[in-house]
Every structure is written in C-alpha cells, then in structure tokens.
Amino acid sequence: MEIDNGLGLHLPSLRVRNFRGIEDLSIQRLGRINLIAGRNGVGKTTILEAAWIFARRGAVQTLEEVLQRHNELLTALDENHEALVVPDYAALFHGRTVKPEDAIVIGPVSSSASVRIQLAKRGDLPEQDNIWPTASGWGNTVDVLKVSYNGHESLYPVWPGDLDPFEPVPSWHLSRFSPNLGRKDRASTNHVLKCESLGPGLPSNYTMANYLDAVTVMGVRESAVRSLRLIDDRVEDANAVGESDPRYLRRGRRILVTLRDIPIPVSLNSLGDGIIRLFAAALAVARSRGGLLVIDEIENGIHYTVQQDFWEMIIKAAMDHNVQVFATTHSFDCVRGFAAAAEEFERDACALVRIDRFRDGLKAIEYPPEDLEAAAVQGIEVR
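Owing to the predicted nature of the structure, the values given are computational and were not obtained by experimental measurement.

**Student:** Is there a simple way to think about the packing of helix H3 (residues 205–218) against helix H6 (residues 273–287) in this case?
**Tutor:** A pair of packed helices can be characterised by two numbers: the angle between their axes and the separation between those axes. Where H3 meets H6, the closest approach of the two axes is 9 Å, and the angle between their N-to-C directions is 45°. When the interaxial angle is binned, H3 and H6 end up oblique. Note that H3 runs across H6; the crossing there is left-handed. Between H3, through Met 208, Tyr 211, Leu 212, Ala 214, Val 215 and Met 218, and H6, the contact on the second element is made entirely by Ile 276, Phe 279, Ala 280, Leu 283, Ala 284, Ala 286 and Arg 287. Along the lines of polarity and charge, the residues of the contact of H3 with H6 split into 12 nonpolar, no polar and 1 charged.

Right under this line is the structure:
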C-alpha cells in the first residue's frame with residue numbers, strides 16, 4: 001500500500017517494472033531525500049535512471065542517453081558502407097526479450113500516472129498508428145517505440161534489435177543517431193519535470209559553469225558558494241569564466257575560486273575532487289527547482305568528517321527549492337552522516353532504502369524515519 005506522507009512529492013512511492021535489471025520492484029514510501037544503499041550490481045543506479053526517465057516522461061532523448069551511458073548500441077553499415085551506430089532499445093527491457101505487451105512501467109505504486117514504454121513491430125500496430133507507409137521504404141519490419149504518460153502518447157520508428165551488422169541499410173530514413181524522423185505525437189507532453197543527473201564521475205567544466213550561470217540568474221548563487229566552505233573555509237567567491245563561443249565551450253569555460261589571503265583566483269579543479277562534487281551537488285539542487293535530482297555514488301570524494309554537514313546542506317537546499325533527491329551509496333559513513341543529518345529536519349523528509357537480491361527477485365528494505373539512527377548505529381549492508 002502506498003503511503004502518502006503529505007509532502008506533495010512527485011514520487012511519494014515508486015514502482016519499476018520490466019526495466020533493465022529490474023523485473024518488478026516497489027518502494028512504498030519515499031521522502032524528499034532518498035538514500036538508496038545496497039551491494040554492487042543490485043540495481044541502485046537503475047532506480048536512479050528510472051526516476052530520471054519518469055521526470056522526463058520517457059523522452060526518447062533521455063532513453064538514448066541511458067543507452068549511451070551503458071554502450072548499449074547497434075552497429076551496421078549504411079548504403080555507402082560507412083559505420084552506422086544507433087541505440088539498442090531492446091536493452092531497456094528486462095531480459096532483453098521484448099513482446100508488444102511487455103511494457104516498462106515507471107511511476108508511483110498505486111497511481112495510473114506512470115510512464116509506459118513499449119516496443120513493437122510496425123506491422124503489429126493498429127491501422128491508425130501505421131503512419132510510415134511501406135512505400136517510403138520502412139517496410140513492416142521496422143520497430144516502433146511507443147511512449148505514453150497520463151494520456152499523452154508518442155511513437156518513434158527505431159532500428160530493430162536484429163539489425164545485421166554486415167548488411168547495408170538505407171540510413172537516409174533516420175538521422176545518424178536520433179530516431180526522430182517520422183515521430184508521431186498525439187498530444188504535447190507539457191508535464192516534463194526538471195531533473196539533473198550527477199555522478200558517479202566528476203561533471204565537466206562546461207556543465208559546472210552552466211550550473212553556476214543558472215543559479216546566478218536565479219539569485220541563489222551565494223548559498224551555493226557557501227557550501228564550498230564545508231571543505232575549505234578560505235573560499236570567498238566563485239565565478240564562471242572563459243569563452244562562451246561554441247568553438248571553445250568544452251575547454252574554455254571553467255570556475256575560478258577566490259581564496260582568503262590568496263591574491264589570484266585559483267581553478268576549482270585544483271582544490272580536489274571532493275570540493276568539485278560538493279559544489280556540483282549544491283548547484284544541481286538549485287538547478288532542479290521544482291523537480292528531481294539524481295546523484296549516483298553521492299559519497300565519492302566527500303570525506304567522512306564532512307558527511308553530516310554535506311547532507312544537512314543537501315536536505316535544506318532540497319526543501320528550499322522543492323526538489324526531490326534520489327542518491328545511491330556504497331559507504332557506511334555516508335549512511336551514518338545521512339541519518340545524523342535527518343534528525344535535524346521533519347520526520348518524513350528523509351528515507352533510507354536498502355536493495356537486496358533474493359531468490360525470487362529484488363526487494364526494497366525500507367527503514368522508517370524512527371529507525372534511521374538505529375540503522376546507522378547497527379550498520380546496514382551497503383557493499
């Protein structure tokens with residue numbers, strides 16, 4: 001049974017079905033800040049990706065990015081015998097066995113407002129959905145990706161999973177990567193949420209500079225800069241500098257930090273990975289105002305002595321900006337800092353969930369708010 005904690009969350013609970021390594025998993029109670037622990041390979045990152053896809057309402061660009069992150073790609077030759085690389089959409093589905101009736105479902109446990117993703121052959125579609133005539137060269141063998149949310153539906157032609165890597169195909173029917181030609185929208189989806197995704201690696205200079213630009217425009221730059229002092233109390237200011245010309249975007253933009261008693265600003269990157277990760281999290285919370293934020297391996301680079309202060313910053317910022325946060329961890333120090341920080345805030349603000357694999361599949365072990373401290377003291381299995 002779904003628990004309504006009265007926080008007005010986009011995801012008061014979560015069900016993920018038929019998505020990547022998750023056959024069917026339900027988390028009955030979520031908070032504004034959700035820390036997901038568990039061993040490697042148990043599906044923690046998949047839960048973050050599911051939340052991200054839900055926030056983006058199944059946008060095909062988001063699905064492509066998930067597949068690119070995992071190198072789930074198909075290769076073939078176009079009519080000029082040049083390499084053609086496209087997403088392998090079958091890899092999104094549990095077990096990679098796809099039937100038209102086997103939908104990916106992501107959303108609250110007891111709500112119909114879920115994202116549904118299906119993959120079918122063009123020839124299996126109802127007549128009104130056959131919008132790519134055989135005469136155009138598509139034929140009946142092309143796969144069709146169907147994405148729906150809350151009455152909105154979109155169809156996309158995509159390369160089939162059994163694409164022959166040595167048989168030339170007419171690539172002019174599709175762009176080199178994105179399958180947006182021939183897209184059919186029955187209704188515009190106006191309910192997409194802001195959602196930033198961080199980790200487990202460091203964000204690029206370009207991303208960090210864009211984040212800082214955004215929070216400056218929002219008028220909340222100072223609170224983000226203050227977060228840097230959790231690691232280095234010499235920090236006085238931080239600014240994004242460098243060329244904004246497209247030719248220099250990747251290497252030209254960077255963040256310079258002003259330190260007390262240091263006459264020349266220094267690069268943020270010179271202060272260590274921890275301070276970059278912390279600043280990125282502070283900026284991303286503000287950037288995700290009103291939406292979701294997902295952070296994979298949130299403890300990376302953050303010293304155990306700073307964990308409680310770090311979590312207090314994240315929780316307060318999430319409340320200030322009305323953001324629901326999902327994060328994963330392998331670190332007991334991270335869990336302990338999370339539990340200690342949660343005591344300073346409202347009872348239902350924080351949720352700790354451990355994902356375990358049992359003989360009959362994955363299970364979510366949920367810790368009630370009153371048990372967070374006990375879980376931290378006694379230790380939970382996080383590796």
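There is more to say, and it comes next.
**Student:** Where do I start with the sheet that holds strand S15 (residues 292–295) in this structure?
**Tutor:** Backbone-to-backbone hydrogen bonds pair the strands of a sheet. The strands run either parallel or antiparallel. Taken in spatial order, the 6 strands of this open sheet run S11-S15-S16-S3-S17-S18, and their pairing is mixed. Every interior strand has two partners, whereas the edge strands, strand S11 (195–198) and strand S18 (361–367), have only one. Across the sheet, the axes of successive neighbouring strands diverge by a mean angle of 20°, strand direction being ignored. Across the sheet, helix H1 (residues 44–55) touches strand S3 (33–38), S11, S15, strand S16 (324–329) and strand S17 (350–358), and the angle it forms with S16 is around 160°.

**Student:** Even after reading the chapter, I still don't get empty space enclosed by the protein, so can you show me in this structure?
**Tutor:** To find leftover empty space, one rolls a probe the size of a water molecule over the atoms. Taken as a whole and assessed by the stated rule, the structure comprises 2 cavities of 30 Å³ or more. The space that makes up the largest cavity amounts to roughly 70 Å³. Lining the largest cavity we find Leu 198, Gly 199, Gly 201, Pro 203, Arg 277, Leu 278, Ala 280, Ala 281, Ile 295, Ile 298, Ile 302 and Phe 310. Among the elements that line the lining of the largest cavity, the one with the most residues is H6, at 4 residues.

**Student:** For this particular structure, what's the right way to read the layout of surface pockets?
**Tutor:** As a volume, the largest pocket reaches approximately 280 Å³. Lining the largest pocket are 13 residues; nearest its centre among them are Ser 223, Arg 226, Met 313, Ala 317 and Asp 320. Listing elements by their share of the lining of the largest pocket, those giving two or more residues are helix H4 (221–227), H6 and helix H7 (307–320). Per-element tally for the lining of the largest pocket: the top contributor is H7, with 5 residues. When its residues are assigned to classes, the lining of the largest pocket shows 6 nonpolar, 3 polar and 4 charged.

**Student:** What exactly am I supposed to notice about the packing of H7 against helix H8 (residues 332–342) here?
**Tutor:** For the pair H7 and H8, interaxial distance at closest approach is 8 Å and the crossing angle is 55°. The pairing of H7 with H8 is recorded here as oblique in orientation. Of the two possible hands of crossing, H7 and H8 adopt the one that is right-handed. Side by side, H7 and H8 meet where Gln 307, Gln 308, Trp 311, Glu 312 and Ile 315 of the first sit next to Asp 333, Cys 334, Gly 337, Phe 338, Ala 340, Ala 341 and Ala 342 of the second. Per-class residue counts for the contact of H7 with H8 are 7 nonpolar, 3 polar and 2 charged.

**Student:** Would you explain the confidence of the model for the protein in this entry?
**Tutor:** Detail in the predicted coordinates should be disregarded across regions flagged by low pLDDT. Looking at the protein as a whole, its pLDDT mean stands at 83, while 80% of the residues score no less than 70. Throughout residues 133–140 the model reports pLDDT below 50, and contacts reaching past four residues in sequence, or to other chains, amount to 16 contacts. Overall, residues 172–188 carries pLDDT values under 50, and its contacts beyond four positions in sequence, including any with other chains, amount to 60 contacts.

**Student:** Sorry if this is basic, but what is going on with the pairing of strand S5 (residues 83–87) here?
**Tutor:** Remark: a regular strand shows side chains that alternate across the two faces of the sheet. As paired strands, strand S4 (residues 73–77) and S5 are joined by 5 bridges and run antiparallel to one another. Bridge pairing in S5 links Leu 77 to Ala 83. The turn linking S4 back onto S5 is made up of 5 residues, and His 81 within it adopts a positive phi angle of 60°.

**Student:** Explain the environment of Lys 194 to me, please; I cannot follow it from the model alone.
**Tutor:** As for its placement among the helices and strands, Lys 194 is situated in the loop between strand S10 (184–185) and S11. Spatially, the C-alpha atom of Lys 194 lies 7.6 Å from that of Arg 56, the residues being 138 residues apart in sequence. Setting aside anything within four residues of it in sequence, one finds Lys 194 in contact with Arg 287, Ser 288, Arg 289, Gly 291 and Leu 292.

**Student:** What is the right way to read the nonpolar core from this model?
**Tutor:** As a rule of thumb, nonpolar side chains are buried together in soluble globular proteins. Judged by nonpolar contacts, the single largest core of 54 residues is most densely connected at Leu 35, Leu 268, Phe 279, Phe 310 and Trp 311. Of the residues forming this core, the biggest block, 11 residues, is contributed by H6. Apart from residues lying up to four places away in sequence, Phe 310 is in contact with Leu 230, Leu 278, Ala 281, Ile 298 and Ile 302. Ranked by size, the runner-up nonpolar core spans 46 residues in total, among them Val 42, Ile 53, Leu 92 and Ile 104.

**Student:** For this particular structure, what's the right way to read the pattern of salt bridges?
**Tutor:** Between side chains of opposite charge, a pair can form as their charged atoms come close. Evaluated as defined, the whole model comprises 17 salt bridges. Measuring nitrogen to oxygen at the nearest pair gives 3.7 Å for the salt bridge that ties Glu 65 to Arg 69. Taken together, the residues Glu 65 and Arg 69, both in helix H2 (residues 60–69) and 4 residues apart, mark about one turn of the helix. When its relative accessible area of 35% is taken as the criterion, Glu 65 is described as partly exposed. The residue Arg 96 makes a salt bridge to Glu 72 at a minimum N-O spacing of 2.5 Å.

**Student:** What is the right way to look at the side chain of Thr 62 in this model?
**Tutor:** Relative to the assigned elements, Thr 62 resides in helix H2. Taking the relative accessible area as the measure of exposure, Thr 62 reaches 7% and is therefore buried.

What counts as what
Residues numbered from 1 in each chain as written. Predicted model: local features only at pLDDT ≥ 70, side-chain atom pairs only at ≥ 80, totals over all residues. Heavy atoms only, no water. Axes fitted to C-alpha atoms, helices over the stretch in contact; angles between N-to-C directions. Helix = DSSP H or I, 4+ residues; strand = E, 2+ residues; numbered from the N terminus. Parallel < 35°, antiparallel > 145°, perpendicular 65-115°, else oblique. Left-handed = near helix turned anticlockwise from the far one by under 90°. Contact = heavy atoms within 4.5 Å. Nonpolar A, V, L, I, M, F, W, Y, C, P; charged D, E, K, R; others polar. Pairing = 2+ DSSP bridges. 1 Å grid on protein atoms, 1.4 Å probe; cavity = no way out; pocket = protein on both sides within 12 Å on 5 of 7 lines; lining within 4 Å. Points joined across faces, edges and corners; volume = space filled by probe spheres on them. pLDDT = per-residue confidence, 0-100. Core = buried A, V, L, I, M, F, W, Y, C linked by side-chain atoms within 4.5 Å. Buried < 20%, exposed > 50% of the residue type's maximum accessible area, 1.4 Å probe, protein only. Salt bridge = Lys/Arg side-chain N within 4 Å of Asp/Glu carboxyl O.

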